[in-house]
Amino acid sequence: MKLLVVSPDYASHVIPMLQVGVAWQRERGHVVVATGDSVRPLVLDARLDWTHLRLGKGSNSGIIRTDEQPAGEDDHLRAFFDATRAGAIETLIYQAEARRHDLLHEPERVLADLRRIIAETQPDRVLVDHVAFGARLALHALGVEAAAIVLGHPTALPAPGELYGMPPSWPECLRPNEIELAGLTRRCRESVDELASTANDLLGRLAPQRPRIDDLTSLPGHPTMYVYPTELHDPARAMPAGSVSLGSLRRDEDLGNVDLPTGTGPRVLVALGSFLSARGDLLAAAVEAARLDNWRLALAHGSTAPDRLGTPPDGSLIAAHLPQVALLRHTDVMITHGGNNSVTEACAAGVPMVVLPMSTDQFAGAASIETAGLGVVVDPNQVTSASLAAAVSSVLASDAGTRVRIIARSIAESGGASRAVAAIAGTIS
């Protein structure tokens, strides 16, 4: 059986999807990954076939840099980073206003490209990223049934009564007031309606025989698969029929030639993801906190220049990119932005967290981590080195480590990529 995997041109999305592709190729047959040029090396390293599909204007091969983006996309990224410095509401409003640009880019071209790719590859099954809305619309227009994967907190696929881009829950330190919530709700509703209007205009012109779409952002897959620990999801919340929880798409990784941090203090890993590592102010606060409390520090500085970090403790491990999965086996606390890969990998390794949420579903994810007692949440725009050191000490003194290790055992039994293969092939429900 042949599987077509459709992913945005972002490493943080394609890497977990590649785990499913590798498992499919091992267990079922041929895999073709349709994605952009920047992540082609990742696909080829996984020994999977690649075909070109551009779903957005920008790309991210692992560390996103504004000066490597196409004209106009660099300004878009700078505006996004500025919004994160203004606050949660400002960021989510900015993202709602940019959603048509980001997630439904050139839908007519994407439809034509996917029509060609499907004709050429003749897949038996298709797997698509839930937020690749251009691809999801194209597959709907072509009448191609596809499995969808939700790479984020489960609320990234809205349940009835929820609204895409509007967190249904908030961590205590970032809870907005009613006026802010009303403004965000209005803008998210406008964004969802704009996406639906664009989708239905395309269907009316290019696929009039296909059903109209009420809400592109809540379109389920066949099946819908969630990559998030089940313990961080409200069991009373509605899920699409036949949905499957994968827990985590864990991958094997070794340290290679990377030396572990030395010293005697707590082992702290700081990683803000491929996008938000641009927040050099937060990374510098972490370096200063490490000196204050004598952490054995491992820090991925991403696109932030190392000379903006300050002086780290002796024996620290500082690099643009780190083998995060391997390092988590040697970590006591992870300081994270709360992105999908970081949360699922920390939970799989049994590592508690200090979460600095700044974007999209990170707020709902942070609220779930807080509620489950797996760590603490800190407002990223109120962080000081002292408050960050206190947060790490608080996590170490709590039972968060015990709680997250219980979840790690559950994840180890969840099936991960092999369960995804079975779900896509239709052998489990």
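These remarks concern the structure in this document. Because the structure is predicted, anything quoted here is derived from the model rather than measured.

Enumeration according to the criterion identifies 2 cavities of 30 Å³ or more in this entry. Taken as a whole, the largest cavity spans an internal volume of roughly 70 Å³. Every residue along the wall of the largest cavity is listed here: Ile15, Pro16, Gln19, Val227, Ser248, Leu249, Arg251, Asn340, Asn341, Thr344 and Glu345. By residue number, the principal contributor to the lining of the largest cavity is helix α11 (residues 340-349), which donates 4 residues.

Glancing now at the packing of helix α6 (residues 133-142) against helix α7 (residues 178-206). When two helices pack together, their arrangement is given by the angle between the helix axes and by the axis-to-axis distance. Two numbers describe how α6 lies on α7: the axes approach to 11 Å, and their chain directions differ by 35°. Crossing handedness for the pair α6 and α7: right-handed. Contacts from Phe133, Leu137, His140 and Ala141 of α6 reach α7 at Leu195, Ala199, Leu202 and Leu203. Among the residues making up the contact of α6 with α7, the classes are represented as 7 nonpolar, 1 polar and no charged.

With 13 residues, helix α14 (residues 400-412) ought to run about 18 Å at 1.5 Å a step, and its terminal C-alpha atoms sit 18 Å apart, in line with that. Residues of α14 that are buried: Ala400, Gly401, Val404, Ile407, Ala408 and Ile411. What you see down the axis of α14 is that its buried residues fit within an arc of 120°, all on one side.

Parameters and conventions
- Residues numbered from 1 in each chain as written.
- Predicted model: local features only at pLDDT ≥ 70, side-chain atom pairs only at ≥ 80, totals over all residues.
- Heavy atoms only, no water.
- 1 Å grid on protein atoms, 1.4 Å probe; cavity = no way out; pocket = protein on both sides within 12 Å on 5 of 7 lines; lining within 4 Å.
- Points joined across faces, edges and corners; volume = space filled by probe spheres on them.
- Helix = DSSP H or I, 4+ residues; strand = E, 2+ residues; numbered from the N terminus.
- Axes fitted to C-alpha atoms, helices over the stretch in contact; angles between N-to-C directions.
- Left-handed = near helix turned anticlockwise from the far one by under 90°.
- Contact = heavy atoms within 4.5 Å.
- Nonpolar A, V, L, I, M, F, W, Y, C, P; charged D, E, K, R; others polar.
- Expected span 1.5 Å × (residues − 1).
- Buried < 20%, exposed > 50% of the residue type's maximum accessible area, 1.4 Å probe, protein only.
- Arc of directions from axis to C-beta.

Just distances and angles here, no functional claims.
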